[in-house]
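# Structural description and commentary
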Amino acid sequence: MDRNKTSIIVLFLLAGFFFIAIAMVFNTSVRRNAVLKREEAVEEKIKYLNSKDLTIYWIGTVPEELESLKEKINIIKPGEVRNDNMPVRTSSFRISVKEEDGSKKEIVPRDYSEYMILVINTGDGITDDGKEVIRNCIADNGIPVICIGGEACNMVGTLLIHGAGYSSDYSIFYKLSDGYEEPFLDAAAVTSGGMDLAEELTGKISSYIDAEAAKKYSEASSRMSAAVSSVIDAATATTEPSESSDISASETQDNTAESQ
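Notes on the structure in this doc start here.

Rules used in this analysis
Residues numbered from 1 in each chain as written. Predicted model: local features only at pLDDT ≥ 70, side-chain atom pairs only at ≥ 80, totals over all residues. Heavy atoms only, no water. Helix = DSSP H or I, 4+ residues; strand = E, 2+ residues; numbered from the N terminus. Buried < 20%, exposed > 50% of the residue type's maximum accessible area, 1.4 Å probe, protein only. Contact = heavy atoms within 4.5 Å. Areas by Shrake-Rupley, 256 points an atom, 1.4 Å probe, with all protein chains shown as cover. Axes fitted to C-alpha atoms, helices over the stretch in contact; angles between N-to-C directions. Parallel < 35°, antiparallel > 145°, perpendicular 65-115°, else oblique. Nonpolar A, V, L, I, M, F, W, Y, C, P; charged D, E, K, R; others polar. Expected span 1.5 Å × (residues − 1). Pairing = 2+ DSSP bridges. Disulfide = S-S within 2.5 Å. Patch = residues over 30% accessible without salt bridge, like charges linked within 9 Å, V, L, I, M, F, W, Y side chains within 5 Å. Salt bridge = Lys/Arg side-chain N within 4 Å of Asp/Glu carboxyl O. Lys, Arg positive; Asp, Glu negative; His and termini not counted. Polar contact = N/O pair within 3.5 Å; in protein donor to acceptor, adjacent residues only side chain to side chain. Phe/Tyr/Trp six-rings, centres within 6.5 Å; stacked < 30°, edge-to-face > 60°.

### Quick notes on the overall build of the protein
Per the secondary structure count, the protein includes six helices and eight strands. For the protein, the N- to C-terminal ordering of α and β elements is α-β-β-β-β-β-α-β-α-β-β-α-α-α. The burial tally for the protein puts 29% of its 260 residues in the buried class. In the protein, the proportion of contacts linking residues at least 24 apart, taken out of those at least 6 apart, comes to 56%. Summing over all exposed atoms, the protein offers an accessible surface of approximately 16700 Å²; the carbon and sulfur share of this is 54%.

Structure (C-alpha cells):
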C-alpha cells in the first residue's frame, strides 16, 4: 500500500510539473507573439514615414529599434550642431552679403523636405553657438521639436524661455504656430526606452504628419473654393445687365414713342 501511495504521489508530481512546463511554454509563446506584433506595428509606421518627404534632425542617440527609419534621420552629434547641418531659416533667393572685413558671402537657398522634425534626447555637449542654431530652427524657421528626457526639456525650455526643472521622464512637443504639448510621450516609454519609446515616437510622428497633411488639404480646398467663387462672381457681373443699361433702354423707347 505504501508503495502504491508513493507511486500515485510521484505521478501527481510529474503531472504537476508537466502542466507547469506547458503553462510556461504557452506564456513564453504568448509574450513572443505580443512582442512580434508590436515590432510589426512599429515597422508599419516606419514604412509609412519612409514613404513621406520627411527629414528628422536627431541630436543625441537614436534607439536601435528605429534602425529602419535611419534613411529619414540626420543624426547630429551634440558638439557638431551647426548652421550647415540644421534646418535654419534661410533666404528664398540667392543673395550676396558683405561681411565686416569687406568680403562677400553667398547665401544660397536650401531645398528642405516637406516635413521636418527636430528630435533632441540629450542636453550635454551642445555649445552656445549650437544652442543658438537650435533656437533659430525652432523660433525663426518654425521647425517642430520633440524633447525627450529632462536634460533635453531643460535645455530647450531655457532657450525658449519656457521653464526648466523637468523630471527625467518628461517630454515636450513644440511648434511655433501650434504651441506646446506636454508631456508629449508616455513617461514610462521615456524611462524604459527601447521598443516602448520607438512605438510611442513613431505613432506620435505619424499622427503629426497626418494632421499636417489634413491641414494642407483643407487650406488648399479653401483657396480653390475662393478662386471658384471669384470666377463665378466675375462671370455673373459680366452677364447681368446693369441698372443704368435698363434705364437707358427704357428712355430710348419712350423717346421713340413720343416722336411718332
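### Some points on the packing of helix 2 (residues 128-140) against helix 3 (residues 150-159)
Contact geometry of helix 2 with helix 3 gives a least axis separation of 10 Å together with a crossing angle of 70 degrees. As the angle between them shows, helix 2 and helix 3 are arranged roughly perpendicular. Contacts between helix 2 and helix 3 involve Lys131, Ile134, Arg135 and Ile138 from the former and Met155, Val156 and Leu159 from the latter. A class-by-class count of the residues in the contact of helix 2 with helix 3 yields five nonpolar, no polar and two charged.

### Observations concerning helix 2
Taking 1.5 Å of rise per residue, the 13 residues of helix 2 would be expected to cover 18 Å, and the 17 Å separating its terminal C-alpha atoms lies within 8% of that figure. Looking only at helix 2, the buried set comprises Gly130, Val133, Ile134, Asn136, Cys137 and Ile138. Check the buried side of helix 2 and you find it contacts strand 1 (54-59), strand 5 (115-120), strand 6 (145-148), helix 3 and strand 7 (171-175). Downstream of helix 2 by one or two residues, glycine 142 has phi in the positive range, about 70 degrees.

### Digging into the pairing of strand 1
Every other side chain in a regular strand lies on the same face of the sheet, so the side chains alternate between the two faces. Here strand 1 lies mainly inside the structure; six of its six residues are buried. On strand 1, burial covers both faces: Leu54, Ile56 and Trp58 on one face and Thr55, Tyr57 and Ile59 on the other are all buried. Across six bridges, the pairing between strand 1 and strand 5 is parallel. Each bridged residue has a counterpart across the sheet, and for threonine 55 the counterpart in strand 5 is methionine 116. Of the pairings in the sheet, the one linking strand 1 to strand 2 (residues 73-76) comprises four bridges and is parallel in character. Among the inter-strand pairings, isoleucine 56 is bridged to a residue of strand 2, identified as isoleucine 73.

### Remarks on the state of the cysteines
Scanning the entire structure with this criterion turns up zero disulfides. Free of any disulfide, cysteine 147 has its nearest cysteine sulfur in cysteine 153, 5.1 Å distant.

### What about unusual backbone geometry?
Of the consecutive residues glutamate 182 and proline 183, the connecting peptide bond is found in the cis state with omega at -15 degrees. Along the chain, the position of proline 183 falls in the loop between strand 8 (179-181) and helix 4 (187-192). With a phi angle near 55 degrees, isoleucine 161 is a residue other than glycine that sits in the positive phi range.

### Quick notes on a nonpolar patch on the surface
Residues Met224, Val228 and Ile232 make up a contiguous nonpolar surface patch of about 290 Å² in total accessible area. Tracing the backbone through its elements, the reader meets valine 228 in helix 5 (residues 194-239).

### Here we look at the sheet that holds strand 1
Two strands in a sheet stick together by hydrogen bonds in their backbones, pointing the same way (parallel) or opposite ways (antiparallel). Spatial ordering of the open sheet is given by 2-1-5-6-7-8, a layout of six strands whose pairing is mixed. Each having just a single partner strand, strand 2 and strand 8 make up the two edges of the open sheet. This sheet shows a mean twist of 20 degrees between the axes of neighbouring strands, independent of strand direction.

### With respect to the side chain of lysine 72
For lysine 72, the location among the structural elements is in the loop between strand 1 and strand 2. Within the buried core, lysine 72 has no salt-bridge partner, and the shortest N-O distance to an opposite charge, that of glutamate 71, equals 5.1 Å. A distance of 2.6 Å separates the side chain of lysine 72 from the backbone oxygen of lysine 52, its partner in a polar contact. Among residues more than four places away in sequence, those in contact with lysine 72 are Leu49, Asn50, Lys52, Asp53, Leu54, Thr55 and Ile56.

### Here we look at the packing of aromatic side chains
Summed over the entire model, instances satisfying the criterion amount to four aromatic pairs. Measuring from ring centre to ring centre gives 5.0 Å for tyrosine 166 and tyrosine 170, while their planes differ by 15 degrees; the resulting arrangement is stacked. A single burial state applies to tyrosine 166 and to tyrosine 170, both of which are buried. Each ring, one from tyrosine 174 and one from tyrosine 180, has its centre 4.3 Å from the other, and the planes form 35 degrees; the classification is tilted. A relative accessible area of 12% means that tyrosine 174 is categorised as buried. A network of ring pairs unites the aromatic residues Phe173, Phe184 and Tyr208 as a single cluster.

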